[in-house]
Amino acid sequence: MGTTVKQVLEMMLPLIPDDLKTDIADDSSLAKHGLVEMGVAIGKNFVFSGEGENEQIDVDLPMAELYLSSYFTYRCYLMRLKDELNQNAVNFSTLTFSIKSLEQRPKSVDDSIYAVNRYLNDEIARVLVASGVVGFVTQFGGSSNVSI
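Notes on the structure follow. (Residues numbered from 1 in each chain as written. Predicted model: local features only at pLDDT ≥ 70, side-chain atom pairs only at ≥ 80, totals over all residues. Heavy atoms only, no water.)

Before going further, it helps to spend a moment on the overall build of the protein. For the protein, the helix and strand inventory stands at 5 helices and 4 strands. In the protein, which comprises 148 residues, the share counted as buried stands at 32%. Intrachain contacts of the protein at a sequence separation of at least 6 include 62% that bridge at least 24 residues. On the protein, roughly 9,400 Å² of surface is accessible, and the fraction owed to carbon and sulfur atoms is 55%. (Helix = DSSP H or I, 4+ residues; strand = E, 2+ residues; numbered from the N terminus. Buried < 20%, exposed > 50% of the residue type's maximum accessible area, 1.4 Å probe, protein only. Contact = heavy atoms within 4.5 Å. Areas by Shrake-Rupley, 256 points an atom, 1.4 Å probe, with all protein chains shown as cover.)

Have a look at this one:
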């Protein structure tokens, strides 16, 4: 069946303030980009099929990877928001006066992006370790290696 782009977007929406949810509730490009970034981070390639709300990838993602892709989608959203706020701050600065609060909002979004990036590194490690070999054990008195 495959994981739909809408599933990723719905998992990311609780991270967004309520007044901003309507702007991105149907924006599948954010979720698609988040899936691509997550796939690159963990070394998987996805094939997309379908259009709009029915767009999906070729595999069913486990919950850990679905969760991770929602945070990559959230990071994409924050970067888009920062660009929009920076553009608005530049437009206001070209007037004869400058509003300081507009200049501070991109900085607070930048702090959020930094926090998400630090969090994602831990989550990527956790997802990759969960599906890989943790280590080897050598049995005393023998030469056989056992994977854990």
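The discussion continues.
The nonpolar side chains of a soluble globular protein tend to be buried with one another. If you look at the biggest cluster of nonpolar residues, it comprises 31 residues, and the most contacted ones within it are M38, L68, Y74 and Y77. Elements with a minimum of two residues in this core: α1 (5-12), α3 (28-42), α4 (63-93) and α5 (100-130). Excluding its chain neighbours within four sequence positions, the residues that come into contact with M38 are F46, L61, E65, L68, S69 and F72. (Core = buried A, V, L, I, M, F, W, Y, C linked by side-chain atoms within 4.5 Å.)

Once that is clear, we can look at α1. If you check which residues of α1 are buried, you get V5, V8, L9 and M12. The buried residues of α1 all sit within an arc of 100° when viewed along its axis, so they share a single face. (Arc of directions from axis to C-beta.)

What follows is about the packing of α1 against α3. α3 packs onto α1 with a crossing angle of 95° between their chain directions and a minimal axis gap of 8 Å. Looking at the two axes, α1 sits roughly perpendicular to α3. Here V5, V8 and L9 of α1 lie close against α3, whose contacting residues are S28, A31, K32 and L35. When the residues that make up the contact of α1 with α3 are grouped by side-chain class, the tally is 5 nonpolar, 1 polar and 1 charged. (Axes fitted to C-alpha atoms, helices over the stretch in contact; angles between N-to-C directions. Parallel < 35°, antiparallel > 145°, perpendicular 65-115°, else oblique. Nonpolar A, V, L, I, M, F, W, Y, C, P; charged D, E, K, R; others polar.)

Another point: α3. Taking 1.5 Å of rise per residue, the 15 residues of α3 would be expected to cover 21 Å, and the 21 Å separating its terminal C-alpha atoms lies within 8% of that figure. Where α3 terminates, the next one or two residues include G43, which has phi positive at roughly 80°. (Expected span 1.5 Å × (residues − 1).)

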